[in-house]
Amino acid sequence: MNTALETLKERGFFQQCTDIDGLSALMDKGPITFYVGCDPTGPSLHIGHMVPFFALRHLREAGHVGIALIGGGTARIGDPSGKTEMRKMLSYEQIDANVERIKDQLDRFVGFDGKTAMPDNNKFWLADLNYIDFLRDIGSCFSVNKMLTFESYKKRMETGLSFIEFNYQLLQSYDYLKLHERHNCCLQIGGDDQWGNIVAGVDLIRRKMGIEHQVYGLTFLLVTRSDGKKMGKTEKGALFLDPELTPVFDFFQYWRNVADADVLKFLKLFSFLPVSECEAICAGDINAAKERLAWEVTANIHGKEEADKALAGAKAA
């Protein structure tokens, strides 16, 4: 297997791939361009959003080019994946404001240089689409019967799926097609709740451009704690990146207080320490390991200076 993919697998990212052998062979030939998307449905990302962005940095370190697609267009509809009810509709002005805040958060974490990593916004090609032309050109490539077999739609059929949300898969697939055309993007990565959307995008590109176009999808596990609950959920809600929503000290303390059984898994996913070092840290004093985990994640998200302050505050407390 390609070394970059081996790194992701060893660190616990892997869940599903449309064709792991084909993707590995393509990556062995040289750098590829890949993308990960997020919708600005709120003013801040939370830590659950960040697993694919940690993977982005590993892939970029291996020489590949990453695009962070911020869904200023798709956020106008809302992704039904993993949701039991329809998202609250936001004004276009609020979505645009969220885009800028999230782009700044990702820039601090990823470091957009325009060459190895860059942001994009699907508003640029979705906002002014002609609906009739889109249905003729893109909608004709989709089978409703097949769409309803995907888990994200099956779950929502029980509670009610709006027609506007039903269009979401077409739009995300169209994103992949546009990024393939614009940047020769040939891999989409994301959480496993995006599997159906990613597979649909791979299929759309092959239908529109021919099977000789090699494109792939790779999903990562949806991280849970050892007790089975969603990782990053606190009594106050999600663990946000924005310090106005989750103060840095509270962010640090969340990681300092994780269950013993979760420390190694979280160190491998949310730090860039070598796996052997993660294992060595966890083989020693578990409280020291938790402190190291808290410092590493806080430094990655908020910077080393803020991590040092949080560590000093925790020791003083």
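This text follows the structure it describes.
I will try to describe carefully the structure that is included in this document. (Residues numbered from 1 in each chain as written. Predicted model: local features only at pLDDT ≥ 70, side-chain atom pairs only at ≥ 80, totals over all residues. Heavy atoms only, no water.)

1. A look at the overall build of the protein
Right, so step 1: In terms of helices and strands, the protein carries 16 helices and 8 strands.
Right, so step 2: Its C-alpha atoms give the protein a radius of gyration of 20 Å, near enough to 20 Å, the size a compact globule of 317 residues would have.
Right, so step 3: Counting only C-alpha atoms and orienting by the principal axes, one finds that the protein spans roughly 65 × 45 × 35 Å.
Right, so step 4: The proportion of buried residues among the 317 residues of the protein is 50%.
Right, so step 5: Contacts in the protein between residues at least 24 apart in sequence constitute 77% of all its contacts with a sequence separation of at least 6. (Helix = DSSP H or I, 4+ residues; strand = E, 2+ residues; numbered from the N terminus. Rg over C-alpha atoms; globule rule 2.2 N^0.38 Å. Buried < 20%, exposed > 50% of the residue type's maximum accessible area, 1.4 Å probe, protein only. Contact = heavy atoms within 4.5 Å.)

2. Details of a nonpolar patch on the surface
Right, so step 1: Judged by side-chain polarity, Tyr 131, Ile 132, Leu 135 and Phe 163 come together as a nonpolar surface patch covering roughly 420 Å² of accessible area.
Right, so step 2: Mapped onto the elements of the fold, Phe 163 is located in helix H9 (residues 163–166). (Patch = residues over 30% accessible without salt bridge, like charges linked within 9 Å, V, L, I, M, F, W, Y side chains within 5 Å. Areas by Shrake-Rupley, 256 points an atom, 1.4 Å probe, with all protein chains shown as cover. Salt bridge = Lys/Arg side-chain N within 4 Å of Asp/Glu carboxyl O.)

3. Some remarks on the sheet that holds strand E6 (residues 216–220)
Right, so step 1: Spatially, E1-E6-E5-E2-E3-E4 is the arrangement adopted by the 6 strands of the open sheet, whose pairing is mixed. Each edge of the open sheet is held by one strand with a lone partner, namely strand E1 (14–17) and strand E4 (117–121). In this sheet, adjacent strand axes meet at a mean angle of 25° when their direction is disregarded.
Right, so step 2: Bridging between strand E2 (residues 33–38) and strand E3 (residues 65–70) involves 6 bridges; their strand directions are parallel. Among the inter-strand pairings, Val 36 is bridged to a residue of E3, identified as Ala 68. (Pairing = 2+ DSSP bridges. Axes fitted to C-alpha atoms, helices over the stretch in contact; angles between N-to-C directions.)

4. Regarding the packing of helix H13 (residues 263–270) against helix H14 (residues 275–283)
Any two packed helices are characterised by how steeply their axes cross, that is the angle between the axes, and by the distance between the axes.
Right, so step 1: Close contact between H13 and H14 brings their axes to 10 Å; oriented N to C, the two are set at 150°. Taken together, the axes of H13 and H14 are roughly antiparallel relative to one another. The crossing of H13 and H14 is right-handed. On H14, the residues touching Val 263, Leu 264, Leu 267 and Lys 268 of H13 are Val 275, Cys 278, Glu 279, Ile 281 and Cys 282.
Right, so step 2: Among the residues forming the contact of H13 with H14, the class breakdown is 7 nonpolar, no polar and 2 charged. (Parallel < 35°, antiparallel > 145°, perpendicular 65-115°, else oblique. Left-handed = near helix turned anticlockwise from the far one by under 90°. Nonpolar A, V, L, I, M, F, W, Y, C, P; charged D, E, K, R; others polar.)

5. Details of helix H4 (residues 92–110)
Right, so step 1: The terminal C-alpha atoms of H4, which comprises 19 residues, lie 26 Å apart, in line with the 27 Å expected from a rise of 1.5 Å per residue.
Right, so step 2: Ile 95, Asn 98, Val 99, Ile 102, Gln 105, Leu 106, Phe 109 and Val 110 are the residues of H4 that are buried. Looking straight down H4, one finds its buried side chains confined to an arc of 140°; they lie on one side. Facing away from the buried side of H4, by more than 90 degrees, are the exposed residues Glu 93 and Arg 108.
Right, so step 3: Residues of H4 that are buried sit in contact with E2, helix H3 (51–61), E3, E4 and helix H15 (286–302).
Right, so step 4: Two residues or fewer past H4, Gly 111 is found with a positive phi of approximately 80°. (Expected span 1.5 Å × (residues − 1). Arc of directions from axis to C-beta.)

6. Concerning unusual backbone geometry
Right, so step 1: You will see that Asn 184, though not glycine, has its phi angle at about 55°, which is positive.
Right, so step 2: Structurally, Asn 184 is set in the loop between helix H10 (168–183) and strand E5 (185–191).

7. A word on the state of the cysteines
Right, so step 1: Under the definition given, this model contains 0 disulfides.
Right, so step 2: No disulfide involves Cys 141; its nearest neighbouring cysteine sulfur is the one of Cys 185, lying 19 Å away.
Right, so step 3: Judged by its relative accessible area of 14%, Cys 141 falls in the buried class.
Right, so step 4: Cys 278 takes part in no disulfide bond, and the closest cysteine sulfur, belonging to Cys 282, lies 6.9 Å away.
Right, so step 5: The class of Cys 278 is buried, set by a relative accessible area of 0%. (Disulfide = S-S within 2.5 Å.)

8. Focus on the pattern of salt bridges
Right, so step 1: If you walk through the whole model with that rule in mind, you get 13 salt bridges.
Right, so step 2: For the salt bridge of Glu 306 with Lys 309, the shortest nitrogen-to-oxygen distance reads 3.6 Å. Residue Glu 306 and its partner Lys 309 are located together in helix H16 (residues 304–316), separated by 3 residues, close to a single helical turn.
Right, so step 3: For Lys 309, a relative accessible area of 48% puts it in the partly exposed group.

9. Comments concerning the packing of aromatic side chains
Right, so step 1: Within the structure shown, the criterion is met by 12 aromatic pairs.
Right, so step 2: A ring pair is formed by Phe 134 and Tyr 174, whose centres lie 5.4 Å apart and whose planes are at 90°; its orientation type is edge-to-face. Taken together, the residues Phe 134 in helix H6 (residues 131–137) and Tyr 174 in helix H10 connect sequence positions 40 residues apart. When sorted by exposure, Phe 134 lands in the same class as Tyr 174, which is buried.
Right, so step 3: Note on Trp 255 and Phe 270: the rings are 5.2 Å apart at their centroids and 55° apart in plane angle, and the pair reads as tilted. Of this pair, Trp 255 sits in helix H12 (residues 248–256) while Phe 270 is found in helix H13, placing the two residues 15 residues apart along the sequence.
Right, so step 4: A relative accessible area of 0% means that Phe 270 is categorised as buried.
Right, so step 5: Chaining the aromatic ring pairs together yields one cluster made of Phe 54, Phe 109, Phe 251, Tyr 254, Trp 255, Phe 266, Phe 270 and Phe 272. (Phe/Tyr/Trp six-rings, centres within 6.5 Å; stacked < 30°, edge-to-face > 60°.)

10. Thoughts on the environment of Met 27
Right, so step 1: Looking at the secondary structure, you find Met 27 in helix H2 (residues 20–29).
Right, so step 2: Residues Met 27 and Leu 5 lie 22 residues apart in sequence; the distance between their C-alpha atoms is 8.9 Å.

That's the geometry; what it means functionally is another story.
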